[in-house]
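Summary of structural features
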Amino acid sequence: MLLEKINEPNDIKKLSPDELPVLAKEIRTFLLKTLSVTGGHVASNLGDVELTIALHRVLDFPSDKLIWDVGHQSYTHKILTGRRDQFASLRQYGGISGFMNPDESSCDPFISGHSSTSIAVASGLAQARQLKGGRENVVAVIGDGALTGGLAYEALNNVSRLKSNLTIILNDNHMSISENVGGMSTHLSSLRTSSGYKGLKNDIEESLRKIPGGEQAIKRIRRTKNGIKQLLIPGMIFENMGIMYLGPVDGHDIGSMIRLIRQALTVEGPVIVHAVTRKGKGYLPAEKNPSLFHGIGPFDLATGKPLQKKEKPDYTDIFSRTLVGEAERDKRIVAVTAAMGIGTGLRRFRRDFPDRYFDVGIAEGYGTTFTAGLAAGGMLPVFAVYSSFLQRGFDQLIHDVAIGGYHCVFAVDRAGIVGRDGITHQGIFDLSYLTMVPGVTVMAPKDGRELKRMLTFAIREMNSPVAIRYPRGEAADLSEESLFGDGEPIEYARAEIIKKKSSDRVLLFAIGSMVGTAIEAEAILNDAGIPVSVVNARFAAPLDKDFLTRECDGYDLIVSMEENVRSGGFGEKVLSVLAQSGYRGDFLNISIPDEFVPHGSCEELKRETGLDASSVAAAIIKRIEDQKIRGGSR
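Below or above, wherever it landed, is the structure these notes cover.

Conventions and cut-offs
- Residues numbered from 1 in each chain as written.
- Predicted model: local features only at pLDDT ≥ 70, side-chain atom pairs only at ≥ 80, totals over all residues.
- Heavy atoms only, no water.
- Pairing = 2+ DSSP bridges.
- Helix = DSSP H or I, 4+ residues; strand = E, 2+ residues; numbered from the N terminus.
- Axes fitted to C-alpha atoms, helices over the stretch in contact; angles between N-to-C directions.
- Core = buried A, V, L, I, M, F, W, Y, C linked by side-chain atoms within 4.5 Å.
- Buried < 20%, exposed > 50% of the residue type's maximum accessible area, 1.4 Å probe, protein only.
- Contact = heavy atoms within 4.5 Å.
- Polar contact = N/O pair within 3.5 Å; in protein donor to acceptor, adjacent residues only side chain to side chain.
- Salt bridge = Lys/Arg side-chain N within 4 Å of Asp/Glu carboxyl O.
- Phe/Tyr/Trp six-rings, centres within 6.5 Å; stacked < 30°, edge-to-face > 60°.

1. A short note on the sheet that holds strand β7 (residues 357-359)
- The sheet built from seven strands is open, its strands ordered β7-β6-β8-β9-β11-β10-β15 with mixed pairing. Each edge of the open sheet carries a strand with a single partner, namely β7 and β15 (539-541). Across this sheet, the average inter-strand angle for adjacent strands is 20°, counted without regard to direction.
- The sheet contact formed by strand β10 (residues 441-443) and strand β11 (residues 466-469) spans three bridges and is parallel. When the bridges of β11 are listed, T441 appears paired with V466.

2. Observations regarding the nonpolar core
- Within the largest apolar cluster, 56 residues are counted, with the highest numbers of intra-cluster contacts made by L23, I27, L31, I53, L55 and I169.
- With eight residues, helix α1 (residues 20-38) is the single largest residue contributor to this core.
- Grouped together as the second largest cluster of nonpolar side chains are 46 residues, V336, A372, L434 and V535 included.

3. Quick notes on the environment of T337
- Here T337 is to be found in strand β6 (residues 333-337).
- T337 has contacts with T344, L346, Y357, F358, D359, V360, G361, F383 and A384, leaving out every residue within four places of it along the chain.
- Separated by 3.3 Å, the side chain of T337 and the backbone nitrogen of G341 make a polar contact.

4. As for the pattern of salt bridges
- In the structure shown here, the tally under the stated rule is 31 salt bridges.
- What you see here is one network of salt bridges that share partners, running through K78, R83, E104 and D108.

5. Examining the packing of aromatic side chains
- Taken as a whole and assessed by the stated rule, the structure comprises 18 aromatic pairs.
- Relative to F299, the ring of Y283 lies with its centre 6.1 Å away and its plane at 45°, an arrangement referred to as tilted. Taken together, the residues span a long stretch of sequence, with Y283 in the loop between β5 (270-276) and α12 (284-288) and F299 in the loop between α12 and α13 (315-329) at a distance of 16 residues. Both residues of the pair, Y283 and F299, count as buried.
- Here the aromatic rings of F358 and F370 are separated by 5.4 Å at their centres, their planes lie at 75°, and the arrangement is edge-to-face. With a gap of twelve residues between them, F358 in strand β7 and F370 in helix α15 (residues 364-376) connect regions that are remote in the sequence.

6. Quick notes on the sheet that holds strand β4 (residues 244-250)
- If you walk across this open sheet you meet the five strands as β1-β2-β3-β5-β4, and the pairing is parallel. Each end of this open sheet is capped by a strand with a single partner; those strands are β1 (65-69) and β4. Averaged over all pairs of adjacent strands, the angle between strand axes in this sheet comes to 20°, irrespective of strand direction.
- The pairing of β4 with β5 spans five bridges and is classified as parallel. Across the sheet, V249 pairs through a bridge with A275, a residue of β5.
- Across the sheet, helix α3 (residues 49-58) is in contact with β1, β2 (138-143), β3 (166-172) and β5; its angle to β1 comes to roughly 165°.

The structure is reproduced here in structure tokens:
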């Protein structure tokens, strides 16, 4: 097999041109066999195999710099840079990442997990090269979807100032810019990058400047030339920004891609190569349903069907059904998503209320301000967004939503540890950044039933900004664990007592997903002879200060529990309330250490960060033993 000859960066250059299509076929076969076991981003990586081969045929690694946007389409790049033997560990704990990661390889110059960043990063690398007198090539690969993000346009607006080459590969797998793949565009690309064309253009302009009226003649020629370009060249939006446009080109034609990339690298300044590709290419199930195969778990290679069947609803399902029910009742309700309509569960809403559904593209900042505008206009917007992506709308959350006090509901999906997507996607900061904003109510349900009630409460009872954070995966059902069955009714800024006896000396004050963990830890502690109360905080902002102030002196140890980083989180705010109330007992903050969390299963990562029930119980027992050694906490 040719693939067995690729063990180090640049080994691909040892193959003949005729062998490259065979290599592409072998890579697709390898990816499918591997990803059907590990899961991963299937469709995007099947779609850019030839494009990546062409880049590696031209560039030299690791000296040349290749930035992927988003990094989940870099699997072939990883294979061609010597990581094929590690692919069985893809997205597994301790294994290789599903994204670009400089810690893995010097051929990954920059980490990339969020969209629309590649051109900005690449322009910074190109500018640094220019200042240092370097000669390395800098190339960014960006998908057409990522071009919906404002950061990409900010970068395009700035790269025209570069005086040295920056090559941008537009990986267009939806043909959203142009369908004109043919001889005319290829001819124009070759003509406009040829030294003869550029030399002739410069000679004519220099000659005209030496005669009277020459400058005016140059302007008229340029106006005429631009008019012709508008008719013939599909990439004029880039040309008008000062970026040369080459293409479109068939991104699955390795020879054509190699020729165009080599031409692009000769340009002094920024240049875009428009490559048209097909997501899921070579695997019919992925070609027919690229959305399903965007990010998928293990699947049956013969049928394409996921191996893990959903037996119970997850939190996203419950959010979806509840929102549709509320929208039937209230015609003011509109739904907003930032290119994640399927992932956030808005497919039902779009089907039933197409005129009230808005996909703003990969533009969370715009989406947040758009949401505020909808509210200011009398609508009741619900913005469904992943926790790690809402970070990109933080300024707008403060300036455009919170200051105005608009009734916007943020359905913050994938809150907490999300697992195999890893360091760039863990939703472990939202309790910190949401609760610091004045006037924003922040809730977190203990289970699926409570999510339904919280969303209903946020829509019907609130009249100001509110965020509901909930985790990825199957929805818990803790109704049998509660003193009140389905739970106490939602009351603003009021906690819910799950288990409590007058003899309890330890209080577990938990928020969201950690309530279930607290119940499990209570059982372990009870077996160890330690009586424990469990309380569901429900609200991270505002906290139930009345409960904490009233009850705190009855406990020797109060334990806060959250699936969020420690700094600025739920626990620190609980401690602040206890300090103001004069609490003299001991306090233990169970939270994620202030560090980034890598990829792995949620179970593995919770154990590593001390958030599983056994670790929580062990930490509490140790703290109690330490109290005894110190002679008590009072």
